[in-house]
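Overview (structure and organization)
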Amino acid sequence: MGTTFDESAIDEALAELTAGEKVWAQTPLRRRRELLDDLHARTGRFADDWVRAARTIKRLDADSPLVGEEWMSGPLTMLQATAALSATLAALEDGRSPLDGVSIKDAPGNRVAVPILPLSTYDRLLLNGFHGEVWLRPGVDAATARRRAGLAQLDPTATGGIGVVLGAGNITSIPPLDALYELYAHNRVVVLKLNPITDPLYTVFEMVFAPLCELGVLRVVTGGAETGSYLVHHPDVAHVHMTGSAQTHDAIVWGPGPEGLERKQDKRPVLDKPITSELGGVSPTIVVPGDWSDADLRYQAEHVATQRLHNGGYNCVAAQAIVISKDWELKDKFLAELRTALAQAPQRPAYYPGSDARVADAVAAYPDADQLGSGRVLVEQLPLTDTPLLRTEYFSPVLGVVELPYAGGEFLQQAVDFANNELTGTLGANVLAHPATIRKLGIGFDRAIERLRYGAIAVNAWTGLAFLAPRASWGAFPGHTLDDVQSGIGVVHNAFLLDDVERTVVRGPFRPAPRSVLRGEPALSPKPPWFVGNAAAAVTGRKLTEFYASGNPARIPGIFVSAFRG
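What comes next concerns the included structure.

The rules behind the values
- Going along each chain's sequence as written, the residues are numbered from 1 onward.
- Predicted model: local features are reported for residues with pLDDT of at least 70 only, side-chain atom pairs are reported and counted for 80 or more only, and whole-chain, interface and lining totals are derived from all residues.
- The basis for every side-chain value is the complete set of non-hydrogen atoms in the structure, without hydrogens or water.
- The helix count covers DSSP runs of H or I at least four residues long, the strand count covers runs of E at least two residues long, and both are numbered beginning at the N terminus.
- Atoms counted for the radius of gyration: C-alpha only. Globule rule: 2.2 Å times the number of residues to the power 0.38.
- Residue exposure (1.4 Å probe, protein chains only): buried if accessible area is under 20% of the type maximum, exposed if over 50%, otherwise partly exposed.
- The contact criterion used is simple: two residues touch if any of their non-hydrogen atoms lie within 4.5 Å.
- Here the rule is simple: two strands pair whenever DSSP picks up at least two bridges between them.
- Orientation is described by lines fitted to C-alpha atoms, with helices fitted over the stretch in contact, and by angles between N-to-C directions that extend from 0 to 180 degrees.
- Lining residues are those with an atom within 4 Å of a point, where the points come from a 1 Å grid over the protein atoms alone and group into cavities, where a 1.4 Å probe fits but cannot get out, or pockets, open sets with protein on both sides within 12 Å along at least five of seven lines.
- Grid points are joined across faces, edges and corners, and a volume is the space filled by probe spheres set on the points.
- Note that Gly is not counted as nonpolar here; it falls among the polar residues with everything else outside the nonpolar set of Ala, Val, Leu, Ile, Met, Phe, Trp, Tyr, Cys and Pro and the charged set of Asp, Glu, Lys and Arg.
- The source of the domain bounds is an automatic or database domain assignment.
- Two aromatic rings from Phe, Tyr or Trp, using only the six-membered ring of Trp, form a pair when their centres are within 6.5 Å; if the ring planes differ by under 30 degrees the pair is stacked, by over 60 it is edge-to-face, and anything between is tilted.
- For a Lys NZ or an Arg CZ to count as sitting over a ring, it must be within 6 Å of the ring centre and within 35 degrees of the ring normal.
- What a helix is expected to span follows from its residue count: subtract one and scale by 1.5 Å.
- To get the bend at a residue, fit one axis to the 7 residues ending there and another to the 7 starting there, then take the angle between the axes.
- The term salt bridge refers to a side-chain nitrogen of Lys or Arg lying within 4 Å of a carboxyl oxygen of Asp or Glu.

A separate point is the overall build of the protein. Scanning the protein from terminus to terminus reveals 23 helices and 18 strands. Against the 2.2 N^0.38 benchmark of 24 Å for 566 residues, the protein shows a C-alpha radius of gyration of 23 Å, consistent with a compact globule. If you line up the protein on its principal axes, its C-alpha atoms span 65 × 55 × 50 Å. Taken over 566 residues, the protein has a buried fraction of 61%. Here the analysis covers contacts within the protein between residues at least 6 apart in sequence; of these, 77% occur between residues at least 24 apart.

Here it is as structure tokens:
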């Protein structure tokens with residue numbers, strides 16, 4: 001289907017899905033699992049085509065290490081998701097909870113935590129030193145978590161109509177993952193409308209999703225805003241899910257322009273059906289003061305640069321506000337390393353529409369900002385309130401630094417309050433802290449993590465890892481409303497199909513191997529392949545994809561060799 005709006009073609013696709021819903025209701029768990037296994041095999045088969053199309057979109061040279069991002073956040077993520085969902089369906093098929101055999105533990109604040117990483121021998125090998133868990137909402141106990149895991153697949157005959165998925169234009173696995181979540185978590189047949197940026201992936205997605213398309217439970221369409229508007233307001237559509245900006249969300253829910261603003265104020269939505277969303281925001285990275293070595297400063301500066309510059313800065317969870325202690329004696333050295341890391345990171349085209357204008361807006365708002373490299377902006381000593389960078393998701397390589405006049409545990413508590421109260425959005429927050437500092441703060445550190453109101457929290461890691469981990473939940477902190485949507489409503493990914501999700505917490509090593517081992521930190525992971533300065537990222541990303549496609553353990557040594565070259 002072309003990008004020109006074709007009302008009759010959309011009507012035909014929806015009519016086919018109406019019939020397909022009846023087929024889906026009669027499709028048993030075993031067949032649903034087999035479909036996931038087929039999608040997994042087809043993703044591996046067409047992975048090269050997927051990455052080639054992504055390179056076209058991102059305007060990356062074939063030999064650029066940055067192509068590693070496209071392997072890892074494209075087919076690799078899809079491979080892991082289909083495998084994890086298949087395991088969940090296999091458990092349900094056998095009459096078991098997906099959480100059988102999983103050791104659920106207590107989390108702060110009358111919560112339970114479901115481990116999601118590591119779960120397999122391969123996790124322990126390939127992500128050694130990284131850990132993750134999903135925290136459920138306060139008051140939900142382990143027995144309830146086990147009983148409810150599986151969501152709509154607990155009664156696969158109870159379908160939910162047609163869901164429209166408005167695909168993202170930045171990370172290429174987002175549209176297919178969101179479509180799978182609609183189908184498996186909510187039992188809705190799906191029309192997936194691609195963002196025009198990702199139209200070059202249309203044929204790839206048609207090939208990967210062919211089994212679902214042939215069954216009549218998925219349709220992939222292209223088109224612009226007119227197509228999207230027609231779909232979301234169509235009477236045959238029961239639900240909408242979107243990834244994008246809060247402005248786009250509000251235009252869908254309330255209508256565009258001044259009239260839409262008036263309807264929002266009066267709480268009179270034009271959308272007459274439920275909508276879930278993932279909308280980004282201003283993500284913080286809290287740098288907890290401690291006794292860092294020069295190597296620590298360099299490594300964590302590159303870590304922060306990655307959090308901002310991965311995918312060119314066009315990530316909903318890209319770090320935008322660095323929160324640092326004004327009284328930290330290493331502050332100036334860290335910021336100098338950060339400037340160097342931002343300037344030396346590989347250059348790339350500003351492929352996402354409007355990027356240059358958003359960068360220009362930041363420069364106009366902060367004329368004294370440092371401009372580092374091609375279109376990269378670093379704003380230091382930001383005001384603590386009422387300043388655009390804390391309220392506006394620039395969705396471009398713009399990074400700000402906030403200095404708080406505190407030290408030690410008081411700094412961390414104040415930084416949490418600042419992130420919770422002064423920044424727009426609740427999608428993801430990062431915390432960097434020396435292991436000795438974490439031990440010293442003890443329960444105070446745990447309490448700070450609990451108080452962060454974010455859907456994904458990363459300690460000595462980037463919240464992007466929560467996106468990549470298939471059993472992690474992905475979405476805003478719960479509690480937002482249509483008229484104050486912040487980072488959105490609902491979650492996706494979540495391959496255990498957990499109910500009552502509150503957040504995902506991931507943790508990583510403070511230092512890479514071998515330095516981590518030499519300093520007494522039990523972690524064997526080298527510099528992560530998603531770091532923007534990783535010279536072997538493309539090779540490692542391809543090798544990881546080939547391994548997860550085949551499951552052949554003989555491929556693992558090659559992954560390690562490539563990873564340590566990075």
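The rest of the description comes next.
Our next topic: unusual backbone geometry. Cis geometry is found at the peptide bond from Leu-117 to Pro-118, where omega equals -5°. The topology assignment puts Pro-118 in the loop between strand S2 (111-117) and helix H5 (121-126). Ala-513 connects to Pro-514 through a cis peptide bond whose omega is 5°. Residue placement: Pro-514 occurs in the loop between strand S18 (501-507) and helix H21 (515-518).

Before going further, it helps to spend a moment on the sheet that holds strand S4 (residues 162-166). Strands sit in the order S6-S5-S4-S7-S8 across an open sheet of 5 strands; the sheet is parallel. Two strands in the sheet have a free side with no partner beyond their single neighbour: strand S6 (218-221) and strand S8 (275-278). When the angles between neighbouring strand axes are averaged without regard to direction, this sheet yields 15°. Note: strand S7 (residues 237-243) against S8, 4 bridges, orientation parallel.

Before going further, it helps to spend a moment on the sheet that holds strand S9 (residues 283-287). Strand pairing within a sheet occurs via backbone hydrogen bonds; the two strands may be parallel or antiparallel. Read across the open sheet, the 11 strands follow the order S1-S2-S3-S18-S15-S14-S9-S10-S13-S12-S11; overall the sheet is mixed. Each end of this open sheet is capped by a strand with a single partner; those strands are strand S1 (105-107) and strand S11 (370-372). The average angle at which neighbouring strand axes cross in this sheet is 25°, direction not considered. Packing against the sheet, helix H17 (residues 408-422) makes contact with S9, strand S10 (319-325) and strand S13 (398-404), and its axis sits at approximately 175° to S9. Each of S2, strand S3 (131-136), strand S14 (428-432), strand S15 (456-459) and S18 is contacted by helix H19 (residues 443-451), which is oriented at about 135° to S18, the strand it contacts most.

Looking now at the layout of surface pockets. Of the pockets and cavities examined, the largest pocket occupies roughly 1,000 Å³. Secondary structure elements with two or more residues in the lining of the largest pocket: helix H10 (225-232), S7 and helix H11 (246-254). Examining the composition of the lining of the largest pocket, we find that 6 residues originate from one element, H11, more than from any other. Of the residues assigned to the lining of the largest pocket, the class counts are 17 nonpolar, 20 polar and 8 charged. Shared between two domains, the lining of the largest pocket holds at least three residues of each, these being domain 1 (1-98 + 158-223 + 234-243) and domain 2 (284-439 + 477-495). Empty space within the second largest pocket amounts to approximately 730 Å³. The wall of the second largest pocket is formed by 38 residues, among which Gln-80, Asp-123, Leu-126, Leu-127 and Tyr-548 lie closest to the centre.

On to the packing of aromatic side chains, then. The tally for this structure, following the rule as stated, stands at 16 aromatic pairs. Ring centres of Trp-24 and Tyr-184 lie 5.5 Å apart, and the angle between their planes is 85°; on these two criteria the pair is classed as edge-to-face. With Trp-24 in helix H1 (residues 7-25) and Tyr-184 in helix H7 (residues 174-185), this residue pair connects regions lying 160 residues apart in the sequence. Both residues of the pair, Trp-24 and Tyr-184, belong to the buried class. One aromatic cluster is present, built from ring pairs that chain together Trp-292, Trp-328, Phe-334 and Phe-510. Between Arg-471 and the ring centre of Phe-496, over which it is positioned, the NZ or CZ distance is 5.3 Å.

Time to look at helix H4 (residues 67-93). The end-to-end C-alpha distance of H4 is 38 Å, a good match for the 39 Å that 27 residues give at a rise of 1.5 Å each. The sharpest bend along H4 measures roughly 35° and falls at Leu-76. Taking burial as the measure, the 27 residues of H4 include 23 buried ones, the bulk of the element. Positive backbone phi, approximately 80°, marks Gly-95, located one or two places after H4.

Between side chains of opposite charge, a pair can form as their charged atoms come close. Evaluated as defined, the whole model comprises 33 salt bridges. Here Glu-16 and Arg-219 are joined by a salt bridge, their closest N and O atoms 2.7 Å apart. Linking Glu-16 in helix H1 with Arg-219 in strand S6, this pair joins segments that are 203 residues apart in sequence. You can call Arg-219 buried: its relative accessible area is 19%. Three or more residues joined by partner-sharing salt bridges are found here, namely Arg-111, Arg-447, Glu-450, Glu-502 and Arg-503.

These figures come from the coordinates and say nothing about function on their own.
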